[in-house]
Amino acid sequence: MKQGPWKTASLGIQHVLAMYAGAVIVPLIIGGALHLSGKQLAYLVSLDILTSGIATLLQVWQNRYFGIGLPIVLGCTFTAVGPIIAIGGQYGMSAIYGSILVSGIIVILISSFFGRLVRFFPPVVTGSVVTIIGITLVPVAMNNVAGGQGSPDFGSVTNLCLAFGTLLFIIVLYRFFKGFIRSISILLGLIAGTIAAALLGKVDFSAVGEASWFHMVAPLHFAVPTFELAPIITMTLVAIVSLVESTGVYFALSDITGRKLTEQDLVKGYRAEGLASIVGALFNSFPYTTYSQNVGLVQFSGVKSKNVIYTMAGILIFLGFVPKIAALTTVVPTSVLGGAMVAMFGMVIASGIKMLSKVDFSSQENLLIIACSVAVGLGVTAVPNLFDALPESVKILTNSGIVAGSLTAILLNLIFNVAKPKQQSQAINNNNQSVA
């Protein structure tokens, strides 16, 4: 379906709204923990939005050296929040940006090695990882449905009505419309939900009034990078964890778009993430990784065009220079956003199940891989303090349900399918041939 400028812009705005809350919350948490002033915090948010747009362009623009060329959106990684706050508290902001800079360079250097691991990601692994990504995002959606964790009206009838009313509106649009209206049903649902919330007095426009119309963004605004060994090791671990998460997103979008990924595609995708972190460090922003919520939106809307993501990236860069318009996107109430997230994150789970349909379920080993990886991913998400007694360096790998579940799937696949005795593998191959 060919998209005109107006339709492409609408679809791009829809992607912006899908990722905006996640992108903004990271600088707000980190800036608050580092005791930045209100003016500095506003500047940090604008920097983050700008560099998210640049990072997305680096990934979508496929060329000889970097960029996977899929409709992928990049934003600051949640995995880095704890480590960045710890580094900032002990070593200062300059060490934060030094560690992000070096970790980006290391990711570029190891990208070729990581790309060779594609053979360790058969459908039983990629399907499990994508399913885990969707499942671990659902609690985020449901917390938002209730009004956001820690909100004074958490779980109020008003919040629930706004959230499920938004979801119902999206479902009705999807049921009774086709084409363009169906593809922007999430955006229309967010607009309708926000209007309803405004009529109930639940929309706060104060941030829009306080924001300036324009400001110039400059590199190295907060600090010139300095280099400390411990922060560099920490942020490199965070970067490697992000690569594991991103690999699942790459394969999810590969399945949705019907494009088979090669080893070189993965290498260029990893390089783009390394470059994105370098850009983040130079602009005194954050390390960047793929955003799973936008995968659900690609699946839900059915629009797989890279032009939409280019447009979305351009909007983010523009918003980085115009704080007042950027602030306008923050007025969408948390509960309204939660209602839309239920549909989007559910689509991620559906994509994972679709990928798993290619798996040989007559194999008990495959069933165990899926069972254990999904259970670990869901378990860590449901009980986030499970590994509190472990050292901080280990908790980077265990505190995320996505990472813990993904590593479980990869490890079990190595044990059961890659490191399988040759005679057993031959017997299974013979059995498959006889069935065929």
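Thresholds, definitions, all that
Residues numbered from 1 in each chain as written. Predicted model: local features only at pLDDT ≥ 70, side-chain atom pairs only at ≥ 80, totals over all residues. Heavy atoms only, no water. Helix = DSSP H or I, 4+ residues; strand = E, 2+ residues; numbered from the N terminus. Buried < 20%, exposed > 50% of the residue type's maximum accessible area, 1.4 Å probe, protein only. Contact = heavy atoms within 4.5 Å. Areas by Shrake-Rupley, 256 points an atom, 1.4 Å probe, with all protein chains shown as cover. Axes fitted to C-alpha atoms, helices over the stretch in contact; angles between N-to-C directions. Parallel < 35°, antiparallel > 145°, perpendicular 65-115°, else oblique. Nonpolar A, V, L, I, M, F, W, Y, C, P; charged D, E, K, R; others polar. Salt bridge = Lys/Arg side-chain N within 4 Å of Asp/Glu carboxyl O. Phe/Tyr/Trp six-rings, centres within 6.5 Å; stacked < 30°, edge-to-face > 60°.

S.K.: Can you lay out the overall build of the protein chain for me, pointing to particular residues and giving the numbers?
M.R.: For the protein chain, the count of helices and strands is 19 helices and 2 strands. For the protein chain, the proportion of its 436 residues judged to be buried stands at 55%. In the protein chain, the share of contacts with a sequence separation of at least 24, taken over all contacts with a separation of at least 6, comes to 83%. When the accessible surface of the protein chain is summed, it comes to about 18,600 Å², and 68% of that surface belongs to carbon and sulfur atoms.

S.K.: Quick one: what's the story with the packing of helix H10 (residues 229-257) against helix H12 (residues 292-301), residue by residue and with numbers?
M.R.: For the pair H10 and H12, interaxial distance at closest approach is 10 Å and the crossing angle is 5 degrees. Our classification of the angle between H10 and H12 gives roughly parallel. Residue-level contacts link Val 249, Ala 252, Leu 253 and Ile 256 of H10 to Ser 292, Val 295, Val 298 and Gln 299 of H12. Looking at the contact of H10 with H12, its residues break down into 6 nonpolar, 2 polar and no charged.

S.K.: Would you mind going over the environment of Ile 72 in detail, with residue names and values included?
M.R.: With respect to the helices, strands and loops of the structure, Ile 72 is situated in the loop between helix H2 (38-60) and strand E1 (74-76). On the basis of relative accessibility, which here comes to 1%, the residue Ile 72 falls in the buried class. Between the C-alpha atom of Ile 72 and that of Lys 306, which follows or precedes it by 234 residues, the distance is 8.3 Å. The contact partners of Ile 72, leaving out residues within four places of it in the chain, are Thr 56, Gln 59, Val 60, Tyr 250, Leu 253, Thr 290 and Ile 309.

S.K.: Pulling in residues and values, what's your account of the pattern of salt bridges?
M.R.: This model, assessed by the stated rule, comprises 3 salt bridges. Asp 153 serves as the salt-bridge partner of Lys 202, at 2.3 Å between the closest nitrogen and oxygen. Of this pair, Lys 202 sits in the loop between helix H8 (185-199) and helix H9 (206-210) while Asp 153 sits in the loop between helix H5 (123-145) and helix H6 (157-176), and the two are 49 residues apart along the sequence. A relative accessible area of 29% places Lys 202 in the partly exposed class. A relative accessible area of 25% places Asp 153 in the partly exposed class. Measuring nitrogen to oxygen at the nearest pair gives 3.1 Å for the salt bridge that ties Arg 259 to Asp 265.

S.K.: I'd like a description of the packing of aromatic side chains, backed by residues and values.
M.R.: Following the criterion strictly, the structure yields 4 aromatic pairs and no others. Consider the rings of Phe 113 and Phe 114, whose centres lie 6.4 Å apart with planes at 80 degrees: the pair is edge-to-face. Judged by its relative accessible area of 12%, Phe 114 falls in the buried class. Taken together, the ring pairs connect Phe 113, Phe 114, Tyr 250 and Tyr 270 into an aromatic cluster.

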